Every structure is written in structure tokens, then in C-alpha cells.
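Observations on chain architecture
Read off the chains here:
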Amino acid sequence: MRKQLAPTSILMLIAVGVVSAVSVAVLVHLFVSRGSTVYAIPVYAVGIPLCIAVVTLWQAWLVRGYVAGKRNINPLHAARIWILTQAVSRVGSILTGGSLGVAVGYFLSGPTSFLRVNARHAVIAGIGAFVMAVAGVVAERWCISDDSAGLSSPGEVR
């Protein structure tokens, strides 16, 4: 008997992102208002999620060819890529919320130029994390077969 794969729910990803954004915004605002050290966020923080997104899409494209019957890869490798796509979508959602929460927390904490610049950097990092989450969701869909792949039911693993 074959198990069916189900992609991550978009609603769950949104909920996780909102919860992490609110939690991080409150914590950052509390820490900064109490005089804790504020750490600089580098503008290149957007690069890491974007690289992860590209690698995930590249690997999922290989699995898509395997699911369609056009490419021959190790089924264990395909399963690992499926797990990677789920992790990327979920971590991307958490990072998006966290980055935007940091930005909100910095904006609420004071009118200093240092906080505003770092809030902008956090927004840029949040955009990169959002791209990572979307890439994970797209890659998950690529790893699942459809009716045209010749399987008995949608979402069935080959």
C-alpha cells in the first residue's frame, strides 16, 4: 500500500509566520526598550535564503522529472528532497515572520537612525525569507505526482 504525500498547508504557513512575527516583535521591543544591546542586521542577510531557495527549486525540478517518468534518480534521494522542500517552506515562513517582527520591533523602539536602518535590513531579509518559503511550497508541489503521471491517485509516491 502506498502512502499519499500532502503538501504543507498555506494556512498553516501563514499562521506560523504571523505567530513568529508577533512574538519576535514583542520580544524585540521589550528588549530594546529595557536597554539591551541592539545587533546590526547585515543587508546581505537576504542572500542565504535566496541561495537556499534556488538549490531547493533545482533539486525539486529533478524530482519532478522523476515523478513524470522522464528522469531516473534514486527514490531515496527523491524522498530526501521532499523532506527538504517541506523544511524550506516551513523555515521560510518562520524566518519571514521573525524578520518582519524584528523590523516592527525596531521601528517601535525609537526614532534613531541605527534602528531604522536595521529595520529596513530586516525587511529586506524578510523578503528573501518569503521567497524561500514560496520556493519551498512550489518545490513541494513539484515533488507530488498528478493524474497525468500515470499513477492511480493524485499525490501518490512513486
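It should be emphasised that the depicted structure is a prediction, and the values quoted were computed from it without experimental measurement.

When helices and strands are tallied, the protein chain shows four helices and zero strands. Listing every helix and strand of the protein chain by position from the N terminus yields α-α-α-α. Total accessible area on the protein chain is roughly 9100 Å²; 71% of this is exposed by carbon and sulfur atoms.

Within the secondary structure, Leu50 is located in helix H2 (residues 47–67). Using a relative accessible area of 34% as the deciding quantity, one classes Leu50 as partly exposed. Taking the C-alpha atoms as reference points, Leu50 and Ala125, 75 residues apart in sequence, are found 9.6 Å from one another.

Attention shifts here to the packing of H2 against helix H4 (residues 113–142). At a closest axis distance of 8 Å, the pairing of H2 and H4 adopts a crossing angle of 5 degrees. Considered as vectors, H2 and H4 are oriented roughly parallel to each other. Mapping the contact onto sequence places Pro49, Leu50, Ile52, Ala53, Thr56, Leu57, Ala60, Trp61 and Arg64 in H2 and Gly128, Ala129, Val131, Met132, Ala135, Val138, Ala139 and Trp142 in H4. Counted by class, the contact of H2 with H4 contains 14 nonpolar, two polar and one charged residues.

With that settled, the discussion passes to the packing of aromatic side chains. The tally for this structure, following the rule as stated, stands at one aromatic pair. With 5.1 Å between their ring centres and 75 degrees between their planes, Trp61 and Trp142 make a pair best called edge-to-face. Of this pair, Trp61 sits in helix H2 while Trp142 sits in helix H4; the two residues are 81 residues apart in sequence, bridging distant segments of the chain.

On to the packing of helix H3 (residues 75–109) against H4. Running from amino to carboxyl end, H3 crosses H4 at an angle of 160 degrees, the nearest separation of the two axes being 7 Å. Viewed along their axes, H3 and H4 adopt a mutual orientation that is roughly antiparallel. For the pair H3 and H4, the sense of crossing is left-handed. Of the residues belonging to the contact of H3 with H4, the class tally is 20 nonpolar, eleven polar and two charged.

Procedures and definitions
- Residues numbered from 1 in each chain as written.
- Predicted model: local features only at pLDDT ≥ 70, side-chain atom pairs only at ≥ 80, totals over all residues.
- Heavy atoms only, no water.
- Helix = DSSP H or I, 4+ residues; strand = E, 2+ residues; numbered from the N terminus.
- Areas by Shrake-Rupley, 256 points an atom, 1.4 Å probe, with all protein chains shown as cover.
- Buried < 20%, exposed > 50% of the residue type's maximum accessible area, 1.4 Å probe, protein only.
- Axes fitted to C-alpha atoms, helices over the stretch in contact; angles between N-to-C directions.
- Parallel < 35°, antiparallel > 145°, perpendicular 65-115°, else oblique.
- Contact = heavy atoms within 4.5 Å.
- Nonpolar A, V, L, I, M, F, W, Y, C, P; charged D, E, K, R; others polar.
- Phe/Tyr/Trp six-rings, centres within 6.5 Å; stacked < 30°, edge-to-face > 60°.
- Left-handed = near helix turned anticlockwise from the far one by under 90°.

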